[in-house]
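Close look at the chain arrangement
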Amino acid sequence: MPVITMNVTCWVKPRQGSDAYGQPIFGKTRRTVCAVIKLTTSRQKSTVRVDSSGSVGHADEEVADIVLLMDKNEDIAFDDVLIIGGVSGRVSSVRQRYDAMGRLDHLEVGATVE
């Protein structure tokens, strides 16, 4: 029996492929619950120009790091989109986590902001 309480509403948009131009095609958005481990947003300097020969400009780039725990039966995959608390992120990792008896307990999902 898991000791994790999944009580935060989140939304999942499953990626179903790409169109003729390589743009992602997403399925119907579905509601699910999760436990938030990490949901941070910050600004960091980013180089605007790719060449270093001229003057170098900087822009503030918003970066978010998302780590959630989800039910072991949740259908979540790489490149799906998660929406939680108004923050949208693309799934970058899905890890299976096991209990002390070696049974699959939950999924740890990592995402980066879109």
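Residues numbered from 1 in each chain as written. Predicted model: local features only at pLDDT ≥ 70, side-chain atom pairs only at ≥ 80, totals over all residues. Heavy atoms only, no water.

1. What about the overall build of the protein?
Our working rule: Every helix listed is a DSSP run of H or I at least four residues long, and every strand listed is a run of E at least two residues long, numbered separately from the N terminus. Here's how the labels work: a residue is buried when its accessible area is under 20% of the maximum for its type, exposed when over 50%, partly exposed in between, all with a 1.4 Å probe on protein chains only. Residue exposure ignores everything except the shown protein chains as possible cover, and the areas themselves are Shrake-Rupley values with a 1.4 Å probe.
When you go through the protein residue by residue, the secondary structure sums to 0 helices and 8 strands. Out of the 114 residues belonging to the protein, those deemed buried represent 27%. Entry remark: accessible area of the protein is about 7500 Å², with carbon and sulfur atoms responsible for 51%.

2. Structural notes on the side chain of Thr32
This is how the line gets drawn: Polar contact is the term for a pair of N or O atoms within 3.5 Å; when the atoms are in protein, one must be able to donate a hydrogen and the other to accept it, and sequence-neighboring residues count only if both atoms are side-chain atoms. Note on contacts: a residue pair is in contact if any heavy atoms of the two residues lie within 4.5 Å.
As for its position among the elements, Thr32 is in strand E4 (residues 30-47). Among the residues examined, Thr32 registers a relative accessible area of 12% and is labelled buried. Of note is the side chain of Thr32, whose polar atom sits 2.7 Å from the side chain of Glu74. Among all residues touching Thr32, those that are not within four sequence positions of it are Val8, Thr9, Cys10, Val12, Met70 and Glu74.

3. So, the nonpolar core
Basically, it comes down to this: The nonpolar core is taken to be a set of buried Ala, Val, Leu, Ile, Met, Phe, Trp, Tyr and Cys residues, with the residues joined through side-chain atoms within 4.5 Å.
Counting residues in hydrophobic clusters, the biggest one holds 14 residues, and the most contacted among them are Cys34, Leu68, Met70, Ile76, Leu82 and Val109. Looking at this core, the elements with two or more residues in it are strand E1 (8-13), strand E5 (58-71), strand E6 (81-84), strand E7 (87-98) and strand E8 (104-113). Beyond its immediate stretch of four places on either side in the chain, Leu82 contacts Trp11, Val12, Leu68, Met70, Ile76, Val87, Ser88, Gly89, Val91, Val109 and Ala111.

4. Considerations on the confidence of the model for the protein
Threshold: In predicted models, pLDDT denotes the confidence assigned by the predictor to each residue on a 0 to 100 scale.
Per-chain confidence: the protein averages 84 in pLDDT, with 77% of residues scoring 70 or above. Per-residue pLDDT, averaged within each element of the protein, yields its smallest value for E5 (74) and its largest for E1 (96).

5. Concerning the pattern of salt bridges
Oppositely charged side chains can form a pair if their charged atoms are brought close together. Stated formally: The working definition used for a salt bridge is a side-chain nitrogen of Lys or Arg within 4 Å of a carboxyl oxygen of Asp or Glu.
If you walk through the whole model with that rule in mind, you get 6 salt bridges. One salt bridge in this structure joins Arg30 and Glu74, with 3.1 Å as the shortest N-O distance. Residue Arg30 is located in strand E4, and its partner Glu74 is located in the loop between E5 and E6; the two are separated by 44 residues in the primary sequence. Residue Arg30 is classed as partly exposed on the basis of its relative accessible area, which comes to 25%. The exposure class assigned to Glu74 is buried, which follows from its relative accessible area of 16%. With its nearest N and O atoms 3.2 Å apart, the salt bridge here joins Arg103 to Asp99. Taking relative accessible area as the criterion, Arg103 reaches 48% and is therefore assigned partly exposed.

6. So, the pairing of strand E2 (residues 15-18)
Operational definition: Strands pair, by our definition, only if DSSP identifies at least two bridges between them.
With 3 bridges connecting them, E2 and strand E3 (residues 24-26) associate as antiparallel partners. Following the sheet pairing, Arg15 is matched in E3 by Phe26. Connecting E2 to the antiparallel partner E3 that follows it, the hairpin turn spans 5 residues, and Gly22 within it adopts a positive phi of roughly 85°.

7. Comments concerning unusual backbone geometry
Unusually for a residue other than glycine, Asp79 sits at a positive phi of about 80°. Examined against the element boundaries, Asp79 turns out to sit in the loop between E5 and E6.

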